[in-house]
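Spelled out, the chains give:
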Amino acid sequence: MKQYIFILAIMMTTLFISATVINNDLKDKAVLGALLFADPILSKDHTVSCASCHKPQYAFADTSAVSNGVAGKKGVRNTPTAMNLRLGRSFFWDGRAKTLEEQALAPIENPDEMNLPLEEALQRLRKNKKYKDYFLTVFNSEPTKKNLGEAIAAFERTLETSESPFDNWKFSDDSNAVSGAVKRGFVIFNEKGKCVKCHFGADFTANEFRNIGLFNGKNLNDSGRYVVTGWAEDIGRFKTASLRNIAITAPYMHNGILKTLDEVIDFYNDTKKIVPNAVNKDTVLLHPLGLTKQEQKDLKAFLFSLTDKRFKK
Amino acid sequence: MAILFSITTKDTLTGRWESKPSEQGNIIGVVFKADNSFEGYVNKKPFASGTYTFNPVDSIFSFVDNGCDGRRGIYKIMLYSNSDSLRFEPLSDSCEARKSGMLRLVMGRVK
């Protein structure tokens, strides 16, 4: 029974993913990428695919603080959404991947995630008649590290969302698309809340690295970007996450420590209340924001308005 | 004179403008509204809201948006192809990221 449910889940995920791809032509890299994204063939024990943690129904994130890889191995950071990455400049919480192609391959080899050396992954694909034929059709080549990354990245680039109520309000100039609370929330986002200082851009991220006060060198000791650059100023800095579809990608932050958007807004309102001994915190958050209960509600309404219509229940 | 100015201002910029797709396939656009507000977007995703003024006599375009900590950008707008295409020439903008983006921008009127 468990195996039946597992197979059904894989089939449904594959169908959902295929439905998001623009062109169903098998000559399309993204279609091949969609198949690979949902296929546990790329994990050591054939149980974990990219879609195991990047679940379509949660905007290609998941619902755990950290996720389980092969053999139930726990990861160390929260699964970020795989949507809206096309405009990104670096990938992963610490920005260690410069391209989406580089990012796409890293979890395959990561012992905490899919734990499969790339050469072994490629051997599997080459021995699989379906993939051997697909790669030949799309790339005129057998599976290689380069074209594997290209295919998955091509699929990830199709995962763009631009039809939220907020988008309808601003792009289509439909003032009835959002409520008064959303409009007030947008003002707070840009002014008293200071959110726009980090969350500016088409995907509500300026793609910078910021320390928002979730590093204290003790129980919160993931130093983030510092591991990549070695620069002291980067201690505790993480890539600012996109806010698109944020209402359905709980829990939040690099370690999934905040469970709801209420907790997130409460945290930003006064970070010292939650983490009194933060180290190297960004000066933007030095002082409490002083948001009233109503302002917090309005800000939350605005954040909810960033949910794409495809996720509307 | 004021009425003529406002009519000319409204007609010159008011409306939707978009760039051709970049190498990566990205399209940047802006909607200039008659109330002197504007919405900038990339691939139909809004990213900047602000207010502007435009003097059609000297083509000076001045604006603030919700990025760049409220710093004002002042540009000269070069209109061509029967005023159906435009590009920006920076005159004063201390927001380097915005300036470098706008320098590369060529947009056509969306009809």
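Because the structure is predicted, anything quoted here is derived from the model rather than measured. (Residues numbered from 1 in each chain as written. Chains lettered and ligands numbered in written order. Predicted model: local features only at pLDDT ≥ 70, side-chain atom pairs only at ≥ 80, totals over all residues. Heavy atoms only, no water.)

### A word on the overall build of chain A
Each helix and strand counted, chain A has 13 helices and two strands in total. Computed over C-alpha atoms, the radius of gyration of chain A comes to 20 Å, within 12% of the 20 Å expected from 2.2 N^0.38 for 313 residues, which places it in the range of a compact globule. Across its three principal axes, chain A shows a C-alpha extent of roughly 60 × 50 × 40 Å. Counting only residues that meet the buried cut, chain A has 53% of its 313 residues in that class. (Helix = DSSP H or I, 4+ residues; strand = E, 2+ residues; numbered from the N terminus. Rg over C-alpha atoms; globule rule 2.2 N^0.38 Å. Buried < 20%, exposed > 50% of the residue type's maximum accessible area, 1.4 Å probe, protein only.)

### What about the interface of chain A and chain B?
Quite often, the size of an interface is put as the accessible area lost when its parts meet. Counting residues at the interface gives 20 residues for chain A, matched by 18 residues for chain B. Regarding the contact of chain A and chain B, the summed buried area is about 1600 Å², with carbon and sulfur atoms giving 54% of it. It is Lys170(A), Phe171(A) and Phe200(A) that lose the most area in chain A upon contact with chain B, and together they represent 40% of the buried surface on that side. The residue Glu160(A) makes a salt bridge to Lys45(B) at a minimum N-O spacing of 2.6 Å. Mapped by element, the contributors of at least two residues to the side of chain A that touches chain B are helix 8 (165-170) and helix 9 (180-190) of chain A. At three residues, helix 8 of chain A tops the list of elements feeding residues into the side of chain A that touches chain B. Of the residues that constitute the side of chain A that touches chain B, the class distribution is seven nonpolar, five polar and eight charged. (Contact = heavy atoms within 4.5 Å. Buried area = accessible area lost by both parts, 1.4 Å probe. Salt bridge = Lys/Arg side-chain N within 4 Å of Asp/Glu carboxyl O. Nonpolar A, V, L, I, M, F, W, Y, C, P; charged D, E, K, R; others polar.)

### Here we look at the state of the cysteines
Inspection of the entire model under this criterion finds one disulfide over all chains. Between the sulfur atoms of Cys68(B) and its disulfide partner Cys95(B) the distance amounts to 2.0 Å. The S-S bond linking Cys68(B) to Cys95(B) shows a torsion near -65°; that makes this disulfide left-handed. Residue Cys68(B) is located in the loop between strand 5 (60-65) and strand 6 (73-80), and its partner Cys95(B) is located in the loop between strand 7 (85-93) and helix 2 (96-103); the two are separated by 27 residues in the primary sequence. By relative accessible area, Cys68(B) is classed as buried at 16%. This cysteine, Cys50(A), is not joined by any disulfide, and Cys53(A) carries the nearest cysteine sulfur, 8.9 Å off. Of the residues examined, Cys50(A) reaches a relative accessible area of 10% and is grouped as buried. (Disulfide = S-S within 2.5 Å.)

### Let's talk about empty space enclosed by the protein
Here the structure, examined in full by the defined rule, presents one cavity of 30 Å³ or more. Surrounding the largest cavity, 15 residues form its lining, Phe186(A), Phe204(A), Phe47(B), Ala48(B) and Asn66(B) being those nearest its centre. Elements with a minimum of two residues in the lining of the largest cavity: helix 9 of chain A together with strand 3 (37-42) and strand 4 (45-55) of chain B. For the lining of the largest cavity, the leading source of residues is strand 4 of chain B, giving four residues. (1 Å grid on protein atoms, 1.4 Å probe; cavity = no way out; pocket = protein on both sides within 12 Å on 5 of 7 lines; lining within 4 Å. Points joined across faces, edges and corners; volume = space filled by probe spheres on them.)

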